[in-house]
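Given next are the chains, with one letter for each unit.
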Amino acid sequence: MLTNEELTYAKTHLGRDLTQTELNMLDVLWSEHCSYKSSKRWFHLFKTESKNVYLGIGEGAGLVDIGNGYLVGVAMESHNHPSQIDPYNGAATGVGGIIRDVISQGCKAVGLMNCLRFGSPAKPKNAYLLEQVVRGISDYGNSVGIPTIGGEIEFDDSYEENCLVNVVCIGVIKPEYVVRSSASTPGHHLVMFGSTTGRDGIAGVSFASESFSDEEEENRSAVQIGDPLAKKVVIDALTDLVHEKLLDGLQDFGGGGATSAAGELAKKGGTGVEVHVDQFPLREPDMRAHEIIISESQERMLAVVAPENLERVIEILEKNETPYGVIGKVTSDGHYTVLEKGEVKARLPIDLLVDGFPEPERDVGPLPTRSPGMAWFKEPDDYVKVILDLLGSLNICDRSWVYQQYDQHVQTKTVVDIGENAGVLEFPMGKLLAFKSDCNSGYCLLDPFHGTANSAAEALRNIVAIGAHPIFIADCLNFGNPERPESYAQFVDAIRGLGQFSHDFDIPVIGGNVSLYNEALVDGVVRRINPTPQIMLAGMIKNDGMPVRRNLITPWANLSLTGETHPELNGTEFQRVVLGDIKGLPPRYRPQEELKAMKAMLQAHSQGLIRSCNNVGRGGIAISLMKMVLNSPYGFKLDLEEAPGSARSFAERLFSESGARYIAEVSETSQPEFMSIMEEAGVRVCEVGLVVQDHLADFGRFQVPLDEAEEWFRSGLRKHME
């Protein structure tokens, strides 16, 4: 809802009262979801420019030049509030919306990812939300014929009242076919196509820009209903329109409906628009102008078409049996005019409507002081039990219950199955790109700056482990109410952390999304999600290389640990398993160490020295090694006594989550060259074990029974869902 300050500002600016339609239009475009009024003032902290960035922040999708005449397009979006109250439709339309963002630039959509957050599935409501969200994602993506190549899922009590559904779409296009999201020529037609307009999704962006109350059901009408078969028709029609270069501008009907779609086209083109709501194809009778203009019904696109191309555009739409309407035109007056049967229902200056809101004051409050101490820590009595508990913990265990429901190989360009360090797609000219998303929300709760930077570094290490050079970042920043100083402080510190990372590694942020107000008032108590800056990082595998998996593959090869291990157990999965909670200061972000390790590992990859590789992340060395052995017929023998770093106890060496570390399997003949690369780069490295013929996990002081380990790992999530 518009605040009193915003309403007064609008009336003063216009010198009159607002019509019902104008109130609705300002309400949606001045919402947090559309306006970014609390967040965009901080985007200057990101590195956004690079010689390879073709289109960056501000378009439907970011586009990056990958060479040989092709661009990769990526968009990342949230659909959190809708998924909490209607998980199936909320998740499905999240996927539909992100596909529209990518195809609105003219791209062919070639891959999907999803990043999910829930409360513990041991509680029936959370299990139901997870089940329905995954089914919604699966049904939509599978039906529309786009492979799901990866994702991430995390569980924490903070998400019980606010699950998070973040989605990614990846596309490809040649530069000459790119369509921009602007309307720059007065007299051009506005043509909507793809589906009809109904009352579903009305004011969805306003709903997404408020905290939940105890009454969720009242907002169910704000959730859109997706139709993947209609989306397939849209994609087919759009393919023809783009191929024939018939469009002078294109925008999807996403958040804010026609208000946002036409308004943003005019804003970017420096023009105005005139929209006739009685020309919209409707699915419900008696819809009024103020409903039509803000409806967020799915599967709709808005095209800018020159008069000489209109006949051919209509011919293609009719050939594809796509509902359409010529709903208006581009004007030169700088206004958004809405007419219903010739009567003016709204007339607002584009500059006022799109970003003319009065910028709200936001206080950055103090964050809690965290202790670096580890007085809670003691050496485990039973290391095997701790490792089994970690393998079965919800934030480490096998996710195949989720991803087995997705079609991973439709379009036949998926190179590795979900479950590896990153998803990999083959692009034209044989180029391989890897994609990985990460966020450790526990780290971010304890220290938003270091937690966010370390989450980005974790994504980077996964990309590097598979052999890819990082090329760009996309993000989806999920936080609580920005009107609360502590919540806003978490957001600002996280932005600073991601911005610092982007500059430290010279990786541009090319697009993303901000989702605020992810909190709920439950019995008078505010329950806010953990800060969740979801970070997606993409990388390119160069020189005809192939992805390096993490399964052990060569008996008697050496296992080398790169990087230093420090006594950093606060905020870790080990701490969560031992204490049932996390506290203290999480592992530090060490950019210089990360950068040196990245460059050295990529050099070793380029020379074909690494047989298998895993990043050291959640659960430390112990879990990284267990994931390398569980899907392998071979085993390992370990000796961590000489592992570099300040960690002294065995548990610290096993379970610390210090960054900038990899475990690399290197054959005996390649080991001298590998060690030389590390030493020349200034990366501490140590041989810590061997791959052995027998299927075993020998940690030197104890062995983990692999049959039992596999059962704990495979059943950690499944036992709650089957």
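Look above for the structure.
Owing to the predicted nature of the structure, the values given are computational and were not obtained by experimental measurement.

Novice: Help me get a handle on unusual backbone geometry, residues and values and all.
Specialist: Most peptide bonds are trans, and most residues other than glycine sit at a negative phi. In the Ramachandran plot, Asn68 falls in the positive-phi region, its phi being about 55 degrees despite a non-glycine side chain. Inspection of the secondary structure puts Asn68 in the loop between β2 (62-67) and β3 (70-78). Although it is not a glycine, Lys341 sits at a positive phi angle of roughly 55 degrees. Mapped onto the elements of the fold, Lys341 is located in the loop between β12 (335-340) and β13 (343-349). On the basis of relative accessibility, which here comes to 75%, the residue Lys341 falls in the exposed class.

Novice: Can you explain the nonpolar core? Please cite residues and give values.
Specialist: Formed by 63 residues in total, the largest nonpolar core has its most connected members in Ile99, Leu116, Phe118, Leu130, Phe193, Leu238 and Leu241. When residues of this core are assigned to their parent elements, the largest contribution, 8 residues, is made by helix α6 (residues 124-144). Excluding residues that lie within four positions of it along the chain, Leu241 makes contacts with Phe193, Leu246, Leu247, Val313, Ile316 and Leu317. Counting residues in each nonpolar core, the second largest holds 58 residues, with Ala459, Ala465, Phe479 and Ala664 among its members.

Novice: Can you break down the pattern of salt bridges residue by residue, with the values?
Specialist: By the definition in use, this model includes 42 salt bridges. Here Asp17 makes a salt bridge to Lys11, at a shortest N to O gap of 3.8 Å. Judged by its relative accessible area of 55%, Asp17 is exposed. Note that Arg718 is salt-bridged to Glu722, the shortest N-O span being 2.8 Å. On the accessibility criterion, Glu722 (67% relative accessible area) is exposed.

Novice: Can you tell me about the environment of Tyr324, naming the residues and giving the values?
Specialist: Its location among the elements puts Tyr324 in strand β11 (residues 324-331). Residue Tyr324 is classed as partly exposed on the basis of its relative accessible area, which comes to 26%. The spatial distance from the C-alpha of Tyr324 to the C-alpha of Ser195 is 7.3 Å, given a sequence separation of 129 residues. Beyond its immediate chain neighbours, meaning those up to four positions away, Tyr324 contacts Met192, Phe193, Pro281, Ile314, Leu317 and Glu318. Separated by 2.7 Å, the side chains of Tyr324 and Glu318 make a polar contact.

Novice: So, the pairing of strand β23 (residues 635-638): which residues are in play, and what are the values?
Specialist: Direction of pairing for β23 relative to strand β25 (residues 685-692): antiparallel, over a ladder of 4 bridges. Each residue of the ladder has a partner; that of Lys637, found in β25, is Leu690. Where β23 and strand β26 (residues 697-698) come together, 2 bridges link them in parallel fashion. If you follow Phe636 over to β26, its bridge partner there is Ala697.

Novice: Which residues make up the environment of Arg484, and what values go with them?
Specialist: Here Arg484 shows up in the loop between β16 (469-478) and α17 (485-504). A relative accessible area of 33% means that Arg484 is categorised as partly exposed. A C-alpha to C-alpha distance of 17 Å links Arg484 and Arg41, two positions 443 residues apart in sequence. The residues touching Arg484, leaving out its near neighbours within four places in the chain, are Glu519, Val526 and Arg528.

Novice: Outline the sheet that holds β16, listing residues and values.
Specialist: The sheet built from 5 strands is open, its strands ordered β14-β15-β20-β16-β17 with mixed pairing. On the outer flanks of this sheet lie β14 (423-427) and β17 (509-515), each paired with one strand and no other. Pairwise comparison of adjacent strand axes, ignoring direction, gives a mean angle of 20 degrees for this sheet. Bridge analysis of β16 against β17 gives 6 bridges, and the strand direction is parallel. Across the sheet, the residue bridging to Cys476 is Asn513, located in β17.

Novice: Can you break down the pairing of β12 residue by residue, with the values?
Specialist: A regular strand carries its side chains on alternate faces of the sheet. Counting buried positions over the 6 residues of β12 gives 5, a clear majority of the element. Note: strand β9 (residues 272-276) against β12, 4 bridges, orientation parallel. What sits directly across from Val273, in β12, is Tyr336. With 6 bridges connecting them, β12 and β13 associate as antiparallel partners. Bridge pairing in β13 links Glu340 to Glu343.

Novice: I'd love a proper account of the sheet that holds strand β27 (residues 703-704), names of residues and values included.
Specialist: Pairing is mixed in the open sheet, where 7 strands are placed in the order β22-β24-β21-β25-β23-β26-β27. Every other strand in the sheet has two partners, leaving β22 (612-615) and β27 as the edge strands with one partner each. Contacts from helix α16 (residues 448-466) reach β22 and β24 (662-666) within the one sheet, and its direction differs from that of β22 by about 180 degrees.

What counts, and where the lines are drawn
- Each chain has its residues counted from 1, following the order in which its sequence is written.
- Reporting in this predicted model follows two pLDDT cut-offs: at least 70 for local features of residues, and 80 or more for side-chain atom pairs to be given and counted; totals over whole chains, interfaces and linings ignore these cut-offs and use all residues.
- Excluding hydrogens and water, the side-chain figures rest on all heavy atoms present in the structure.
- Strands here mean DSSP runs of E at least two residues long; helices mean DSSP runs of H or I at least four residues long; both are numbered from the N terminus.
- When accessible area is computed with a 1.4 Å probe and restricted to protein chains, residues below 20% of their type maximum are described as buried, those above 50% as exposed, and intermediate ones as partly exposed.
- Think of a nonpolar core as a cluster: buried Ala, Val, Leu, Ile, Met, Phe, Trp, Tyr and Cys residues, connected wherever their side-chain atoms sit within 4.5 Å.
- Contacts: residue pairs with any heavy atoms within 4.5 Å of one another.
- Salt bridge, as applied in this entry: a Lys or Arg side-chain nitrogen positioned within 4 Å of an Asp or Glu carboxyl oxygen.
- Between N or O atoms, a polar contact is any pair within 3.5 Å; within protein, one atom must be a potential hydrogen donor and the other a potential acceptor, and residues adjacent in sequence are included only when both atoms are from side chains.
- Strands qualify as paired when DSSP identifies two bridges or more between them.
- Axis definition: a line fit to C-alpha positions, over the contact stretch in the case of helices; interaxial angles, taken between N-to-C directions, run 0 to 180 degrees.

In short, the description is geometric, and any link to function would need to be established separately.
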